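Chain residues, written in single-letter form:
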Amino acid sequence: MTTTPAPAATPAAHRDWRAPAAACTTVLLWASAFVSIRSAGDAYSPGALALGRLLAGSLALGTLLVLRREGLPPRAAWPGIIWSGLLWFGLYMVVLNWGEQQVDAGTAAMVVNIGPLLIALLGARMLGEGLPGRLVAGMAVSFAGAAVVGLSMSGDGDASVLGVALCLLAAVAYAAGVVGQKPALRHGSALQITTFGCLVGTVACLPFSGALISDVADAPLSATLNVVYLGLFPTALAFTTWAYALARTTAGRMGATTYAVPALVVLMSWLLLDEVPALLTVGGGLLCLAGVAVSRMRPRTGLTRKNPAQPVEGRRHDAERQGTERP
């Protein structure tokens, strides 16, 4: 009697690393954006900074879209594209820039970090994603860490009511934009959804064109280069890798991943700005990372009753080879 050799690793198994790598790329670049915004914000007004960033991002994404010949996304994707473009690419960027001019960084971080919680709640309500226990626990740990980081980094400046309201509005726009983008990714590629979402946000910010022209004329070169960097990397690249990863997981789990941003901002400020963090700040950052790790954990689905010796993925592979798996 001959034995059938164990099936080789499926192509899907080799692709498993891509979505986590895309999510990590997004988090790293979004963390770097805080450093660049802090530098460029002294020379650019909130609306001008958002428009300049979106223009650079749209140019890069549009060029890549043409080179890849992906064309227009299907009609079914446009509601989500417009929704995320107006709220996330447009409103979020403007009000966050404005809010950070009104309150200290610690207060802004605490308020904006309501966003992932709202994403999980909206995803459960509007997308039917549910709220797994690990996700809830991880978000609770990460939110506590973000609060510790925020409190430890808060300065002596007054937190204006306007600034807090703007940061809260940014968190709501961020959450609603993510939940609106998720269905669009069923109909178009990550590059298509990101490119046209960025274009929608750019059009929405065109009223700030006069301010952008004035600020460019007066701003130092370093500030302008920071605006270009924000457009090319934290916007064009990071939003595309975000969309790629979001299409392959739930909105709640992706939102929880962004809780790693405060920890990375602390590290980058230490390395690039010589801002030595306090022990409390380091502890809060570690809590953020621990919460992300918990929220990203998946329950072990191990073996099944019918054939405890064969994992689920192995049986699926065999079914595909025999043509018996249902669509």
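In this report, the structure presented in the accompanying data block is examined. Here the residue numbering is sequential within each chain, running from 1 through the sequence in written order. Reporting of local features is limited, given that this is a predicted model, to residues whose pLDDT is at least 70; pairs of side-chain atoms are given and counted only at 80 or more, and all residues count toward the totals for whole chains, interfaces and linings. Think of the side-chain values as coming from all heavy atoms in the structure, minus any hydrogens and water.

1. Regarding the overall build of the protein
At step 1: The numbering of helices and of strands both runs from the N terminus, where a helix is a DSSP run of H or I of at least 4 residues and a strand a run of E of at least 2. If you tally the helices and strands in the protein, you get 15 helices and zero strands.
At step 2: The contact definition used throughout considers only heavy atoms, calling two residues in contact when any of these lie within 4.5 Å. For the protein, restricting intrachain contacts to residue pairs at least 6 apart in sequence, the fraction spanning at least 24 positions comes to 90%.
At step 3: Note on areas: Shrake-Rupley, 1.4 Å probe, and residue coverage restricted to the protein chains presented here. Carbon and sulfur atoms provide 66% of the accessible area of the protein, an area that totals close to 16600 Å².

2. Quick notes on a nonpolar patch on the surface
At step 1: Like-charged residues within 9 Å of one another, or nonpolar side chains (Val, Leu, Ile, Met, Phe, Trp, Tyr) within 5 Å, are grouped into patches, provided each residue has over 30% relative accessible area and no salt bridge. Salt bridges are identified by distance alone: a Lys or Arg side-chain nitrogen within 4 Å of an Asp or Glu carboxyl oxygen. Residues Val 228, Leu 232, Phe 233 and Leu 237 make up a contiguous nonpolar surface patch of about 290 Å² in total accessible area.
At step 2: Checked against the element boundaries, Phe 233 lands in helix α11 (residues 221-246).
At step 3: Only protein chains enter the accessibility calculation, which uses a 1.4 Å probe. A residue is then buried if its area is under 20% of the maximum for its type, exposed if over 50%, and partly exposed in between. Judged by its relative accessible area of 37%, Phe 233 is partly exposed.

3. Overview of the packing of helix α8 (residues 161-184) against α11
At step 1: Under this scheme, a helix contributes an axis fitted over its contacting stretch, all axes are lines through C-alpha atoms, and angles between N-to-C directions fall in the 0 to 180 degree range. Packing of α8 against α11 leaves a shortest axis separation of 10 Å and a crossing angle of 55°. Taken as axis vectors, α8 and α11 run oblique relative to one another. Relative to α11, α8 is oriented so that their crossing is right-handed. Seen from α8, the contacting residues are Tyr 174, Val 178, Gln 181 and Lys 182; seen from α11, they are Trp 242, Ala 243 and Leu 246.
At step 2: Residue type decides the class: Asp, Glu, Lys and Arg count as charged, Ala, Val, Leu, Ile, Met, Phe, Trp, Tyr, Cys and Pro as nonpolar, and the leftover types, Gly among them, as polar. The residue makeup of the contact of α8 with α11, split by class, is five nonpolar, one polar and one charged. In this scheme, roughly parallel covers angles under 35 degrees and roughly antiparallel covers those over 145, while 65 to 115 is roughly perpendicular and the rest are oblique. Crossings are sorted by hand: turned counterclockwise from the far helix by less than a right angle, the near helix makes the crossing left-handed, and turned clockwise it makes it right-handed.

4. Concerning the pattern of salt bridges
At step 1: In the structure shown here, the tally under the stated rule is one salt bridge.
At step 2: Residues Glu 70 and Arg 68 are paired through a salt bridge, measuring 2.9 Å at the closest nitrogen-oxygen approach.
At step 3: With relative accessibility at 54%, the residue Arg 68 sits in the exposed group.

5. Remarks on the side chain of Thr 26
At step 1: In this structure, Thr 26 sits in helix α2 (residues 18-40).
At step 2: Its relative accessible area of 1% is what places Thr 26 among the buried residues.
At step 3: Filtering out sequence-adjacent residues up to four positions away, Thr 26 remains in contact with Ala 238, Thr 241 and Trp 242.

6. A short note on the nonpolar core
At step 1: Among the nonpolar cores identified, the biggest contains 65 residues, and Tyr 44, Trp 88, Tyr 92, Val 178 and Trp 242 are the most heavily contacted of them.
At step 2: The contact partners of Trp 88, leaving out residues within four places of it in the chain, are Trp 30, Met 93, Ala 173, Tyr 174, Gly 177, Val 178, Gln 181, Phe 239 and Trp 242.
At step 3: Grouped together as the second largest cluster of nonpolar side chains are seven residues, Met 139, Ala 256, Ala 263 and Cys 288 included. Nonpolar cores are built from buried Ala, Val, Leu, Ile, Met, Phe, Trp, Tyr and Cys residues. Side-chain atoms within 4.5 Å join them into one set.

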